[in-house]
Amino acid sequence: MDISVVVPLYNEAESLPELEQWIARVMDEHGFSYEILFINDGSTDESWEVIRKLSERNPNVKGVCFRRNYGKSPALNTGFARTKGDVVITMDADLQDSPDEIPELYRMIKEEGYDLVSGWKQKRYDPLSKTIPTKLFNATARKVSGIHNLHDFNCGLKAYRGKVVKRIEVYGDMHRYIPYLAKNAGFNRIGEKVVHHQARKYGKSKFGLDRFVNGYLDLATLWFTNKFGVKPMHFFGLLGSLMFVLGFISIIVVGAMKLYNMYSGNEYILVTESPYFYLALATMILGTQLFLTGFLGELIVRNSPRRNDYEIEEEIRIAGSEAKK
């Protein structure tokens, strides 16, 4: 199969028939074999009934219905697990993503050798309250992820080589960082294509301003787990050791200053009356706790069944049994 189109949706019953017809027309015009996977994320409208009718009319239409609303990331992850196409396309169900972009996205994956191509809605039909935070968010994501050629990490219109979606796990709200997830899985050929952004035709946006706050928190989580997920002692142990040493040296300095003043005949106070003593003691305690946190993290990682789970691209084996000595 050439293409799998994954469409996560929540309360988009009005737009689904038009979207399905649009995708089918593009596929038929270019002779692609395809499947459309509608992932109904616990919609409360008639979305699932519409998907049922579409599947009866078009055998290429498939669907998954969640019992309740879980979010876009679980919907995408569920769709990825069921794809069969050589190239996987994701798009939103609100008709703001154009299926006419599919042939070029497919060509970039198959002919130009990209692992992932992300859309860039260079001209957006969104209010400033949405576009300005989006620009700040994407600038931060580029800096943290090291993927400097992407302008829009969260664009719903993306194309993937089939094996990419089988190697990444999209959970929580990590759909915003799928290019970063792909890079962490070893897929570094990531490109971008300017795509047409259409004004919303039906319904309303399902995302509020809280997504920007959550987005930064998720980015911090992803950066930390990627860098220190299998070696937590390198972060907590180092930071804890530095704090302990700093606190220990501070206590020595406080004690030395008291002894100096005492033997020099200067006025002095007890060590326990100095606020610096308690600051130094608190620093030593925090340092010890951070060190122990890293140690416990190492014990957890050591017992994880995925501690030696590495991404292997290819492998060459000697034919037959082990070579004789």
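Criteria and thresholds
Residues numbered from 1 in each chain as written. Predicted model: local features only at pLDDT ≥ 70, side-chain atom pairs only at ≥ 80, totals over all residues. Heavy atoms only, no water. Helix = DSSP H or I, 4+ residues; strand = E, 2+ residues; numbered from the N terminus. Buried < 20%, exposed > 50% of the residue type's maximum accessible area, 1.4 Å probe, protein only. Contact = heavy atoms within 4.5 Å. Areas by Shrake-Rupley, 256 points an atom, 1.4 Å probe, with all protein chains shown as cover. Arc of directions from axis to C-beta. Pairing = 2+ DSSP bridges. Axes fitted to C-alpha atoms, helices over the stretch in contact; angles between N-to-C directions. Parallel < 35°, antiparallel > 145°, perpendicular 65-115°, else oblique. Left-handed = near helix turned anticlockwise from the far one by under 90°. Nonpolar A, V, L, I, M, F, W, Y, C, P; charged D, E, K, R; others polar. Patch = residues over 30% accessible without salt bridge, like charges linked within 9 Å, V, L, I, M, F, W, Y side chains within 5 Å. Salt bridge = Lys/Arg side-chain N within 4 Å of Asp/Glu carboxyl O. pLDDT = per-residue confidence, 0-100. Phe/Tyr/Trp six-rings, centres within 6.5 Å; stacked < 30°, edge-to-face > 60°.

### Description of the overall build of the chain
Now for step 1: Per the secondary structure count, the chain includes 10 helices and seven strands.
Now for step 2: For the chain, with 325 residues in total, the buried portion stands at 42%.
Now for step 3: In the chain, the share of contacts with a sequence separation of at least 24, taken over all contacts with a separation of at least 6, comes to 80%.
Now for step 4: Element-wise, carbon and sulfur atoms account for 57% of the exposed surface of the chain, whose accessible area totals about 18600 Å².

### Digging into helix α2 (residues 47-57)
For an α-helix, the turn length of 3.6 residues means that residues three or four places apart are oriented alike.
Now for step 1: Those residues of α2 lying buried are S47, V50, I51 and L54. End-on, the buried residues of α2 take up no more than an arc of 100°, which puts them together on one face. Residues K53 and E56 are exposed on α2 and point more than 90 degrees away from its buried face.

### Thoughts on the sheet that holds strand β4 (residues 87-90)
Now for step 1: Strand order in the open sheet formed by seven strands is β3-β2-β1-β4-β6-β5-β7, with mixed pairing between adjacent strands. Since the sheet does not close on itself, it has two edges, and those belong to β3 (61-65) and β7 (190-194), each with one partner. Strand-to-strand twist in this sheet, taken as the mean axis angle between neighbours without regard to direction, amounts to 20°.
Now for step 2: The sheet contact formed by β4 and strand β6 (residues 158-161) spans four bridges and is antiparallel. The residue bridging I89 from the neighbouring strand is A159, located in β6.

### Here's the deal with the environment of H196
Now for step 1: In this structure, H196 sits in the loop between β7 and α8 (210-228).
Now for step 2: Residues H196 and Q96, spaced 100 residues apart in sequence, show a C-alpha to C-alpha distance of 8.2 Å.
Now for step 3: Each residue touching H196, except ones within four places of it in the same chain, is listed here: Q96, S98 and E101.

### Points about the packing of helix α9 (residues 233-263) against helix α10 (residues 275-302)
Now for step 1: Running from N to C, α9 and α10 cross one another at 160°; their axes reach a closest spacing of 7 Å. In this view, α9 runs roughly antiparallel relative to α10, as classed from their interaxial angle. Here α9 and α10 pass one another in a crossing that is left-handed.
Now for step 2: Here the residues of the contact of α9 with α10 sort into 17 nonpolar, 10 polar and one charged.

### Examining a nonpolar patch on the surface
Now for step 1: A contiguous nonpolar patch, built from F244, V245, F248, I249, I252, V253 and M257 and spanning about 630 Å² of accessible area, is present on the exposed surface.
Now for step 2: Considering the arrangement of structural elements, one finds F244 in helix α9.
Now for step 3: For F244, a relative accessible area of 36% gives the class partly exposed.

### Points about the pairing of strand β5 (residues 116-120)
Now for step 1: Taken across its five residues, β5 has four buried, putting it largely inside the fold.
Now for step 2: Here β5 pairs with β6 via three bridges, running antiparallel. In the strand pairing of β6, S118 is matched with K158.
Now for step 3: Pairing between β5 and β7: five bridges, direction parallel. Residue pairing in the sheet places G119 in a bridge with K193 of β7.

### Re the pattern of salt bridges
Now for step 1: Under the criterion given, the structure shown has 13 salt bridges.
Now for step 2: E20 serves as the salt-bridge partner of R57, at 2.5 Å between the closest nitrogen and oxygen. One end of the pair, R57, is in helix α2; the other, E20, is in helix α1 (residues 16-30), with 37 residues separating them in the sequence.
Now for step 3: Close ionic contact of E29 with R25 constitutes a salt bridge, the shortest N to O distance being 3.3 Å. Taken together, the positions of E29 and R25, both in helix α1 and four residues apart, correspond to about one turn of that helix.
Now for step 4: The exposure class of E29 is exposed, given its relative accessible area of 53%.
Now for step 5: A relative accessible area of 38% means that R25 is categorised as partly exposed.

### Topic: the confidence of the model for the chain
Now for step 1: Per-chain confidence: the chain averages 87 in pLDDT, with 87% of residues scoring 70 or above.
Now for step 2: Looking at the elements of the chain, mean pLDDT is at its lowest for α8, recorded as 77, and at its highest for β4, recorded as 98.

### As for the packing of aromatic side chains
Pairs of aromatic rings are described using the distance from one ring centre to the other and the angle between the two planes.
Now for step 1: Tallied over the full model, the rule gives 12 aromatic pairs.
Now for step 2: Look at F277 and Y278: their rings are 5.1 Å apart centre to centre, the planes differ by 80°, and that puts the pair in the edge-to-face class.
Now for step 3: By relative accessible area, F277 is classed as buried at 16%.
Now for step 4: Clustering of aromatic rings is evident, with ring pairs tying together W223, F224, F228, F235 and F236.

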